[in-house]
Each structure stands twice: as structure tokens, then as C-alpha cells.
Amino acid sequence: MAKTVKFRATGTGDKRLAAIQERLGELKTDLAELIREYDEEERDEDQLDALTEVLDALEDSYEVMEEILEEA
């Protein structure tokens with residue numbers, strides 16, 4: 001069972017976190033495009049599944065950062 005941990009961003013950390021979140025958003029977009037391309041090329045299903053799991057993890061990370069920034 002996963003633990004939920006509350007974080008608080010403060011001061012200059014907010015700016016750095018926002019910048020990291022922005023780059024993470026760009027990575028999500030790039031990875032989603034790559035997954036679509038791989039799917040169209042009918043690449044190995046295991047590779048597609050693995051990349052989809054990576055995308056899910058990026059999305060989860062993005063959402064956690066968003067929550068932290070909203071609370072700050």
C-alpha cells in the first residue's frame with residue numbers, strides 16, 4: 001500500500017519546482033508522441049507497454065508537483 005506524503009514548496013524552490021514541472025510536461029508530450037509513432041509502426045507490444053508505464057509515472061509525478069505548487 002502506498003503512503004501519501006504532504007510536501008510544501010517554499011520560496012525559490014517554488015520557481016525551481018515550477019520549471020521542473022514544465023519540463024516534465026514537455027517530456028510527457030514527447031513521450032506520448034513517441035508511443036503513438038511506435039504504435040503506428042506496430043512495434044513490439046512489450047516495448048509499448050513499458051513506455052506507457054513510464055508515461056503513467058510521469059503523469060503521476062506531474063500531478064503531485066501541481067498539488068505542491070497549488071498549496072504553496
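Note that the coordinates shown come from a computational prediction; the quantities given were computed from them, not determined experimentally.

**A closer look at the overall build of the protein chain**
Here's step 1: A tally of regular secondary structure across the protein chain gives two helices and zero strands.
Here's step 2: Evaluated residue by residue, the protein chain yields a buried proportion of 22% over its 72 residues.
Here's step 3: Residue pairs in contact within the protein chain that sit at least 24 positions apart in sequence constitute 71% of those at least 6 positions apart.

**Observations concerning helix α2 (residues 45–71)**
Here's step 1: The terminal C-alpha atoms of α2 lie 39 Å apart, and with 27 residues this matches the ideal 39 Å at 1.5 Å per residue to within 8%.
Here's step 2: Every buried residue belonging to α2 is among Leu-48, Leu-51, Leu-55, Leu-58, Met-65 and Ile-68, and all of these are buried.
Here's step 3: Of the surrounding elements, those touching the buried residues of α2 are α1 (12–40).
Here's step 4: For α2, the N-terminal capping position is held by Asp-44, with its side-chain oxygen 2.6 Å away from the main-chain nitrogen of Asp-46.

**Here's the deal with the environment of Met-65**
Here's step 1: Within the secondary structure, Met-65 sits in helix α2.
Here's step 2: When residues no more than four places from it in sequence are discounted, the contact partners of Met-65 are Leu-17, Ile-20, Gln-21 and Leu-24.

The rules we used
Residues numbered from 1 in each chain as written. Predicted model: local features only at pLDDT ≥ 70, side-chain atom pairs only at ≥ 80, totals over all residues. Heavy atoms only, no water. Helix = DSSP H or I, 4+ residues; strand = E, 2+ residues; numbered from the N terminus. Buried < 20%, exposed > 50% of the residue type's maximum accessible area, 1.4 Å probe, protein only. Contact = heavy atoms within 4.5 Å. Expected span 1.5 Å × (residues − 1). Polar contact = N/O pair within 3.5 Å; in protein donor to acceptor, adjacent residues only side chain to side chain.

What is shown is where atoms sit, not what they do.
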